[in-house]
Amino acid sequence: MKLLLAFVFCTQINYITSITRIPLKKFKSIRHQLRQKDELEEFWLHHKPHVFAQKYTECFPSTLSLVSGSTSEYLFDYMNAQYYGEISVGTPPQNFTVVFDTGSSNFWIPSSYCASEACEVHKKFKSYKSTSYVHGGKSFSIHYGTGQLVGITGKDTLRISNMSIVAQDFGQSVVEPGKTFVHGQFDGVLGLAYPALAVANATPVFDQIVKENLVSQEIFSFHLVKDADSHYGGELIFGGVDNSLFKGPLHWVPVTEKRYWQIRIKNIKVQGKVQFCHNGCEAIVDSGTSLITGPSLQIQQLQNLIGASPALYGEYILDCAQISRLPSITFTIGNRDYTLTPDQYIIQERTSISSLCLTGFQPMDISTGHGPLWILGDIFMSKFYCVFDRKHDRIGFGKSVIRD
């Protein structure tokens, strides 16, 4: 997939600017691939936290804990991630595919010194072939819901489209145990959250972009396309917005805590009736996961309201023939309603003999100082054009349109 740089005139924030577009490709999630291969049950058996820790303890330095530690900031994995784009690192450039993730802050790719199975099936960065590489000398560890990776830090030139970011901090994984990333069609992750969330004191990519004055506006925006029959996934735009990709004005809501892109939800309605978050609740807008997650008890109640039945691994299923009869789900944010219809929150996975319909809601218990945290993933973001404004610490939402 060739990356393109397009210069357009953008008047959304009252002045003209150039913007950089990164095409996104849509792929089948790791969870979907495992299910198709009938390997999902075996995966979960081996990737429960206590089982994972016992099995892979020898893979990690003795100073790192696989069960406890500062894992609260890295609770999310990429089992359901569905969108990636292309970047390059080094001089001359080495190409990689990455998930552009607003739910984390570090940028990492596999190292040529990594011997884990996940690294063997992905592109690996050869630091010794890059004339611009600078060794960082630090180790880093990132925890995920289904595992953990460990690596070393460095600096090098990062190219996104034809935008070059000099001396960008990044991690090179040297241990990726288990199967978490084996089935991923992406090599690494490029985090777009706030610096407070970064490990190893790394400067996040967008902060470096701003520092080097590569954008005239300190914003980036996502236009995600949910089309099961197409590999085109939309685009990520650095430095501006594209007014042709959404209807009406953008509606802005403030970031409540500058770690994730965290906002306040006023309430959550089912078919127009308030059912959850009666007194408000916190949520993060996360491009790194496909699903919408919330506290276990509330998600279970939501599944009951839409008539879904529990399956394995925290999933809920329902009769595909009933989709048109299901209620709408509305998130009230900043006194405006953002409504998902059944066809937008149901995931239909086709197998060789039938179709499986899963709800796009999954339990995940995350506690913060402001109470339980919800995640608005790609199911939400594919309905609403999302603009992330670092200068004013706010997120703008507009109703997405599909451009011909």
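These numbers were taken from a predicted model, which means no experiment stands behind them.

**Student:** Just to check I follow, could you spell out the overall build of the protein chain for this structure?
**Tutor:** From N to C terminus, the protein chain includes 8 helices and 28 strands. Classification of the 404 residues of the protein chain by burial places 57% in the buried group. Considering only contacts in the protein chain between residues 6 or more positions apart, those separated by 24 or more positions represent 69%. Of the accessible surface of the protein chain, which amounts to about 17,100 Å², a share of 51% is contributed by carbon and sulfur atoms.

**Student:** When you look at the sheet that holds strand 21 (residues 336–340) in this model, what are you seeing that I'm missing?
**Tutor:** Sheets are built from strands that pair by backbone hydrogen bonding, the pairs being arranged parallel or antiparallel. Spatially, the 4 strands line up as an open sheet ordered 15-14-20-21, and their pairing is antiparallel. Single-partner strands in this sheet number two, and they are strand 15 (273–276) and strand 21. Neighbouring strand axes in the sheet, compared pairwise and without regard to direction, differ in orientation by 35° on average. Relative to strand 15, strand 14 (residues 267–270) runs antiparallel, the two sharing 3 bridges. Counted as the bridge partner of I268 is F276 from strand 15. Sitting on the sheet, helix 6 (residues 296–305) touches strand 14, strand 15 and strand 20 (329–333), and the angle it makes with strand 15 is about 140°.

**Student:** It is not clear to me how the packing of aromatic side chains should be interpreted in this structure. Could you clarify?
**Tutor:** The geometry of two aromatic rings is summed up by the distance between their centres and the angle between their planes. Summed over the entire model, instances satisfying the criterion amount to 23 aromatic pairs. With a centroid separation of 5.9 Å and an interplanar angle of 55°, the aromatic rings of F125 and Y133 are classed as tilted. For the residue pair F125 and Y133, the accessibility class agrees, reading buried in each case. With a centroid separation of 4.9 Å and an interplanar angle of 45°, the aromatic rings of Y194 and W261 are classed as tilted. Of this pair, Y194 sits in the loop between strand 8 (188–191) and helix 5 (205–211) while W261 sits in strand 13 (residues 261–265), and the two are 67 residues apart along the sequence. The residues Y194 and W261 share a single accessibility class, namely buried. A connected cluster of aromatic rings, assembled from ring pairs, spans Y194, F206, F220, F222, F238, W261 and F388.

**Student:** Sorry if this is basic, but what is going on with the environment of V255 here?
**Tutor:** Tracing the chain through its elements places V255 in the loop between strand 11 (246–254) and strand 12 (257–258). The sequence separation of V255 and D393 amounts to 138 residues, and the corresponding C-alpha distance is 5.5 Å. Excluding its chain neighbours within four sequence positions, the residues that come into contact with V255 are Y194, Y260, W261, Q262, D393, R394 and I395.

**Student:** Can you walk me through the UniProt feature "active site" (unreviewed entry) in the protein chain in this structure?
**Tutor:** The UniProt record annotates "active site" (unreviewed entry) at D101 and D286. Spanning 186 residues, the named residues form one tight spatial group whose C-alpha atoms are at most 6.7 Å apart. Tracing the chain through its elements places D101 in strand 3 (residues 94–101). If you trace the backbone, D286 turns up in the loop between strand 16 (281–285) and strand 17 (292–294). Residue class for D286 comes out buried when judged on its relative accessible area of 2%. A distance of 2.8 Å separates the side chain of D286 from the backbone nitrogen of G288, its partner in a polar contact.

Conventions used here
- Residues numbered from 1 in each chain as written.
- Predicted model: local features only at pLDDT ≥ 70, side-chain atom pairs only at ≥ 80, totals over all residues.
- Heavy atoms only, no water.
- Helix = DSSP H or I, 4+ residues; strand = E, 2+ residues; numbered from the N terminus.
- Buried < 20%, exposed > 50% of the residue type's maximum accessible area, 1.4 Å probe, protein only.
- Contact = heavy atoms within 4.5 Å.
- Areas by Shrake-Rupley, 256 points an atom, 1.4 Å probe, with all protein chains shown as cover.
- Pairing = 2+ DSSP bridges.
- Axes fitted to C-alpha atoms, helices over the stretch in contact; angles between N-to-C directions.
- Phe/Tyr/Trp six-rings, centres within 6.5 Å; stacked < 30°, edge-to-face > 60°.
- UniProt positions renumbered as here; feature names shortened; annotations may be inferred.
- Polar contact = N/O pair within 3.5 Å; in protein donor to acceptor, adjacent residues only side chain to side chain.

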